[in-house]
There are 2 protein chains.
Amino acid sequence: MNDKKSFHMPVSDFREQGKKMVDWIADYLENVENYPVLSQVKPGEIRAQLPASAPTEGESFDAMMKDVNKIIMPGITHWQSPDFFAFFPSNNSAPSILGEMLASGLGVQGMLWATSPAATELETHVLDWVADMLSLPAQFKSTGTGGGVIQDTASTGTLTAILAAREKKNRFMSNDKGVKNGMVAYVSSQTHSSAEKAIKIVGIGKNNLRKIEVDETFAMKPDALEKQIKTDLDNGLVPFFVCASVGTTSSNAIDPVFSIGEICKKYDLWLHIDAAMAGTAAICPEFRPLLNGIELADSFLFNPHKWMFTNFDCDCFFVADRTILINTLSILPEYLKNKATESGAVFDYRDWHVQLGRKFRALKLWFVIRHYGVEGLQFHIRKHVEMAQTFARWVDESNDFILLNQPPLNLVCFYHKNGNEFNKKLMDTINQEGKLFFSHTVLDERFVLRMCIGQTNTDWRHIETAWTIIRETAKKLSES
Amino acid sequence: MNDKKSFHMPVSDFREQGKKMVDWIADYLENVENYPVLSQVKPGEIRAQLPASAPTEGESFDAMMKDVNKIIMPGITHWQSPDFFAFFPSNNSAPSILGEMLASGLGVQGMLWATSPAATELETHVLDWVADMLSLPAQFKSTGTGGGVIQDTASTGTLTAILAAREKKNRFMSNDKGVKNGMVAYVSSQTHSSAEKAIKIVGIGKNNLRKIEVDETFAMKPDALEKQIKTDLDNGLVPFFVCASVGTTSSNAIDPVFSIGEICKKYDLWLHIDAAMAGTAAICPEFRPLLNGIELADSFLFNPHKWMFTNFDCDCFFVADRTILINTLSILPEYLKNKATESGAVFDYRDWHVQLGRKFRALKLWFVIRHYGVEGLQFHIRKHVEMAQTFARWVDESNDFILLNQPPLNLVCFYHKNGNEFNKKLMDTINQEGKLFFSHTVLDERFVLRMCIGQTNTDWRHIETAWTIIRETAKKLSES
């Protein structure tokens, strides 16, 4: 009854290939800035090189790595390049990669406490650490009324917040009877698109999402918010949810959380804070004021996978009252019942988010925090911010470029005075050349260039080179 | 302007620690069957050993690994043990771990084609391979009208299917105006709880989820389904979605997909097939009939992270008409606009699921398929099924245990004739001893034991020992 051939990779081969892979990754990280940052391939170019069907017989791992080097690598946009300034970063670090390796090797499913108690307890504990690192109010800790959980992305985190808010407002009736007409949610015109996506998903519909106007810093106007809430109430509607952004995606605008929070309290609305990118900065006391007013919030999220050197995916989602969240999302079929759950002494994180299954993601966050220590993380945040502020000064002092606003943190928004078409051409030309990669937004009908400085290995020389390339390319394009 | 100290782990240290981690994982996988399968810790035991706050100064990686061994490992339930028979497996393999390592090292975000073309194109391509491996109809391939995408879990996949179905039925009005009253979805009494969770999430409400009765094999009764649809139509309601399960979680029951599909066509309902566990079996021609009728389906999912040796998370979700899916989930804010997207020549997978950000998960699936080849995967599926059928025969031939039904694949459901309390005690006693770990369900008010045989390294000796332990423990408990 024994196998003739097991087809499995022998453990000795895994040791060999695994060590080669470690060297491959180390070589990659040492050389990443030599690649064109934005992949230069054309649509379909990668697929055209792959065989039409899966192999019948197994292949050697060396053959696969040959294809990685030859076929896959030209199709990579190098998010780990120190010359990556587009979107928001998705930064990474050696301890995080080691944490992901360990989680992959253990291969545990943390859906219930019982299915790996360490996966749940380490996550709860590390998120309490993080709450303290950000000086979050006590209600966001597991030792208070709430607690933290790792979600995959801010999109899912915001969806979770909206669900809890929806159920709280209508006494958990939407879960049973479906959404009633008339529930209304509030964001600003600058809030991330994931809030709109989530409002569609939960059955409320984007027509019931109010996009409140912003001030000259692109931050939500609290008076406009209150006015809209009053209008909606007068019309018999049911306001239930506000998302305040600390660091919008377009321009890092900071909504006035405290004023918004007071309005939420007055009208009994759930306040969710999306600080996906900027939240990490709150570990530095000098940036903590960005979160002032969070004591009025019901939920809060930020992504260590953006700016805290922790591999995607890792979104930290905190809730002030975990009972509401759990009552919103808990379902307990027979096949998941177990003693520990029944005792009530444990968290089952499957009740804290949309998914059932979940990976042991706390390991990488634990490794990152322990490796860097709080002072190491602070050092890098401060350095990124200092580089961005310096870059902003260069822009401001130049003759041809205009700084959109003084950057609150590490995102510099600016544009060339030659107008929208010129800025678009400038960006496309530079990105095509591959020496750096940055992206754009549109603000007040203006095509605005965005340089977000938050990649793990970005140093002074990278931003100096970037600024030189941007100026010289602009000069060339102006003269042509 | 240079760093005095970077706090980053030097690449040379990463090489050293990475190789040690590979050996740690290899040692773990070689020794995993020596651990008690179900963790024996008490609630709070792990946390109590962790310091109350994050370290200010960084620590050595060796210190962290010491804590992994001392504090974390006792809190692990060993999903990768060959003696793990609980729930459904979350199996794993060396090529998959190597794929996760590579994805971690590259650290790319595949939200748009442009943000790493290879991440999108490899995923599209490998999912076309998988469609062919499972002999899915042509419409589920990217070369047809549909295509595949990797989602995190079946929960999210089913949620996605319900959203697309909701929007298709009401001409994309729920996205704008919110869900109208009266939409009705159908599952069986045995469908996975994730469908109910999703119906709550999308704002339809569980009262509008009909749990259709099942036959003696626990499969949905098509005539009962049709009767319920007619009743709902007569009452002015709007039926829109049916989830058919191929391999339910409780007992691996197979819903009659073809008959259900005909009803869906007749009444214009979206048919979603949840084959999270059993889907992998369709790569063997002799098990492909399980999916008969899939040509009538609108969406289909299965989890390589359950039974296809691919690390969690990896759910393969296929849709027959990608336009509906994309129209349901697409939002394109300015900061994500780019040439490739505007050309229409590429897929942007962020429009295929709830999340925006996404990891390069296709690598691990590609490695697994290429390492094993189709014949290697078939070999293991067949062996698991053969072991389960043999185990079922042992149960059937015993005097004290009763086989619930002939297992369609690799899940054996059975119980001791001494009644519910005895079976519960039997399971708890064995699981506490740690030699194996299995779980239970309740069917027809009977406490039923579940042995799912699908762990990567489970071999004949493991199921022989498991059966011996079960019988001997039952004997001991009967006599005490």
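Everything below is about the structure printed above this text.
Since this is a predicted model, take the numbers as computed values, not measurements. Position numbers for residues start from 1 in each chain and track the written sequence from start to end. Note on labels: chains are lettered from A, ligands numbered from 1, in written order. Since the coordinates come from a predicted model, pLDDT governs what is reported: local features require at least 70, and pairs of side-chain atoms require 80 or more to be given and counted, while whole-chain, interface and lining totals use all residues. Hydrogens are left out, water is left out, and the side-chain values use all remaining heavy atoms of the structure.

(A) Representation of the overall build of chain A. Summing up its helical and strand segments, chain A has 15 helices and 11 strands in all. We compute the radius of gyration from the C-alpha atoms alone; for a globule the expected value is 2.2 Å times N to the 0.38, where N is the number of residues. In terms of C-alpha radius of gyration, chain A reaches 24 Å, essentially the compact-globule figure of 23 Å for 480 residues. Across its three principal axes, chain A shows a C-alpha extent of roughly 80 × 60 × 45 Å. Looking at the 480 residues of chain A, the share that counts as buried comes to 69%. Every residue pair with non-hydrogen atoms within 4.5 Å of one another is taken to be in contact. Residue pairs in contact within chain A that sit at least 24 positions apart in sequence constitute 74% of those at least 6 positions apart. Summed over its atoms, the accessible surface of chain A is roughly 15,700 Å², and 48% of this surface lies on carbon and sulfur atoms. Helix and strand definitions follow DSSP, with helices as H or I runs of at least four residues and strands as E runs of at least two, each counted in order from the N terminus. Per-residue accessibility, obtained with a 1.4 Å probe over protein chains only, is compared with the maximum for each type, and a residue is labelled buried under 20%, exposed over 50%, and partly exposed between these values. Only the protein chains shown count as covering a residue, and every accessible area follows the Shrake-Rupley method with a 1.4 Å probe.

(B) Molecular detail of unusual backbone geometry. For the peptide bond that leads from Phe312(A) to Asp313(A), omega is 5°, which places it in the cis range. Tracing the backbone shows Asp313(A) in the loop between helix H10 (304-307) and strand S7 (315-319). The phi dihedral of Arg171(B) is positive, around 55°, even though this residue is not glycine. Structurally, Arg171(B) can be placed in the loop between helix H5 (154-169) and helix H6 (174-177). In this structure Arg171(B) comes out as exposed when scored by relative accessible area, which is 70%. Non-glycine residue Phe218(B) carries a positive phi angle of around 70°.

(C) Quick peek at the sheet that holds strand S6 (residues 299-302) of chain B. Residues and elements named next belong to chain B. When DSSP locates at least two bridges between a pair of strands, those strands are taken to pair. Pairing within the open sheet is mixed, and its seven strands lie in the order S1-S7-S6-S5-S4-S2-S3. Each edge of the open sheet carries a strand with a single partner, namely strand S1 (147-151) and strand S3 (209-212). Strand-to-strand twist across the sheet, computed as the mean angle between neighbouring axes with direction ignored, equals 20°. Along the sheet, H5 makes contact with S1, strand S2 (183-188), strand S4 (238-245), strand S5 (270-274), S6 and strand S7 (315-319), crossing S4 at roughly 155°. Angles here are taken between N-to-C directions and fall from 0 to 180 degrees, while the axes themselves are lines fitted to C-alpha atoms, restricted in helices to the stretch in contact.

(D) Structural context of the interface of chain B and chain A. With 161 residues of chain B at the interface, the matching set in chain A holds 161 residues. The buried area of a pairing is the accessible area, by a 1.4 Å probe, that goes missing from both parts when the two are put together, added over both. Carbon and sulfur atoms make up 63% of the surface buried where chain B meets chain A, a total of about 14,400 Å² over both sides. By salt bridge we mean one thing: a side-chain nitrogen of Lys or Arg within 4 Å of a carboxyl oxygen of Asp or Glu. In this structure, the connection of chain B to chain A is made through 16 salt bridges. Counted as a polar contact is a pair of N or O atoms within 3.5 Å, where, for protein atoms, one must be capable of donating a hydrogen and the other of accepting one, and residues adjacent in sequence contribute only when both atoms are in side chains. For the interface between chain B and chain A, the tally reads 91 residue pairs in polar contact (both at pLDDT 80 or more). The element that contributes the greatest number of residues to the side of chain B that touches chain A is helix H1 (residues 11-31) of chain B, accounting for 16 residues. Residues that form the side of chain B that touches chain A fall into these classes: 74 nonpolar, 51 polar and 36 charged. Three residue categories are used. Nonpolar comprises Ala, Val, Leu, Ile, Met, Phe, Trp, Tyr, Cys and Pro, charged comprises Asp, Glu, Lys and Arg, and polar comprises the others, including Gly.

(E) Highlighting the packing of helix H13 (residues 362-397) of chain A against helix H15 (residues 460-479) of chain A. All names here are of chain A. Axis separation between H13 and H15 bottoms out at 11 Å; the angle between their running directions is 25°. What the angle tells us is that H13 and H15 run roughly parallel. Read as a crossing pair, H13 and H15 show a hand that is right-handed. In this structure, H13 contributes Lys 383, Glu 386, Met 387, Thr 390, Phe 391, Trp 394 and Val 395 to the contact, and H15 contributes Trp 460, Ile 463, Glu 464, Trp 467 and Ile 470. Grouping the amino acids of the contact of H13 with H15 by side-chain chemistry returns eight nonpolar, one polar and three charged. Geometric relationships in this document are graded by angle, where less than 35 degrees denotes roughly parallel, more than 145 denotes roughly antiparallel, 65 to 115 denotes roughly perpendicular, and other angles denote oblique. Here a crossing is called left-handed whenever its near helix is offset anticlockwise from the far helix by less than a right angle, and right-handed whenever the offset is clockwise.

(F) Representation of the pattern of salt bridges within the structure. Scanning the model with the defined rule gives 56 salt bridges over all chains in all. With a shortest N-O distance of 2.7 Å, Arg15(A) and Asp27(B) are connected by a salt bridge. Here Arg15(A), found in helix H1 (residues 11-31), pairs with Asp27(B), found in helix H1, and the two come from separate chains. Under the relative-accessibility criterion, Arg15(A) is labelled buried at 19%. Measuring nitrogen to oxygen at the nearest pair gives 2.9 Å for the salt bridge that ties Lys141(B) to Asp132(B). Owing to a relative accessible area of 17%, Lys141(B) belongs among the buried residues under this scheme. The structure contains a network of salt bridges with shared partners spanning Arg15(A), Lys19(A), Asp23(B), Asp27(B) and Glu30(B).

(G) How the structure looks around the environment of Gln389(A). All names here are of chain A. With respect to the secondary-structure elements, Gln 389 resides in helix H13. For Gln 389, a relative accessible area of 23% gives the class partly exposed. Measuring from C-alpha to C-alpha, the distance between Gln 389 and Gln 228 comes to 36 Å, with 161 residues separating the pair along the chain. Other than its neighbours up to four places away in sequence, Gln 389 contacts Gln 406, Pro 407, Pro 408 and Leu 409. Among the polar contacts listed, one links the side chain of Gln 389 to the side chain of Gln 406, at a separation of 2.8 Å.

(H) View of the environment of Ala165(B). Residues and elements named next belong to chain B. Note on placement: Ala 165 falls in helix H5. For the pair Ala 165 and Val 202, spaced 37 residues apart in sequence, the C-alpha to C-alpha distance is 11 Å. Leave out the neighbours within four places in its chain, and Ala 165 touches Phe 240, Phe 241 and Trp 270.

(I) How the structure looks around the environment of Thr280(A). Residues and elements named next belong to chain A. With respect to the helices and strands, the residue Thr 280 is situated in the loop between strand S5 (270-274) and strand S6 (299-302). Exposure remark for Thr 280: the relative accessible area of 0% places this residue in the buried category. The sequence separation of Thr 280 and Cys 452 amounts to 172 residues, and the corresponding C-alpha distance is 14 Å. Residues in contact with Thr 280, not counting those within four places in the same chain, are Leu 134, Phe 302, Asn 303, Trp 307, Met 308 and Ile 381.

(J) Just the relation of the copies chain B and chain A, in detail. What sets the superposition is a least-squares fit of C-alpha atoms, and only residues with pLDDT of at least 70 in both copies go into it. When chain B is fitted to chain A, the residual RMSD is 0.0 Å, and the transformation amounts to a turn of 180° plus an axial shift of 0.0 Å. On this basis, the relationship between the two copies can be described by a two-fold rotation axis. When the interface residues of chain B are mapped onto chain A, 100% of them are again interface residues, pointing to one common binding face.

(K) Just the packing of aromatic side chains, in detail. Any pair of Phe, Tyr and Trp rings, taking the six-membered ring for Trp, is counted once the centres come within 6.5 Å. Such a pair is stacked with planes under 30 degrees apart, edge-to-face with planes over 60 apart, and tilted for the rest. On inspection of all chains with the given rule, the structure shows 42 aromatic pairs over all chains. With 6.0 Å between their ring centres and 55° between their planes, Phe391(B) and Trp394(B) make a pair best called tilted. Within this pair, Phe391(B) and its partner Trp394(B) are both found in helix H13 (residues 362-397), separated by three residues, close to a single helical turn. A residue is classified by how much of its surface remains accessible, and Phe391(B), at 0% relative accessible area, is buried. The exposure class of Trp394(B) is buried, given its relative accessible area of 16%. Aromatic rings pair up to connect Phe391(A), Trp394(A), Phe401(A), Phe414(A) and Trp467(A) into one cluster. Here Arg450(A) stacks its cationic end above the ring of Phe88(A), 5.4 Å away from the centre of that ring. In our convention, an over-ring charge means Lys NZ or Arg CZ found within 6 Å of a ring centre and within 35 degrees of that ring's normal.

(L) Expanded view of H13(B). Helix span, expected: 1.5 Å multiplied by one less than the number of residues in the helix. Helix length check: H13(B), at 36 residues, gives a terminal C-alpha distance of 44 Å against a target of 52 Å (1.5 Å per residue), a shortfall beyond 12%. Counting buried positions along H13(B) yields 28 of 36 residues, so the element is predominantly enclosed.

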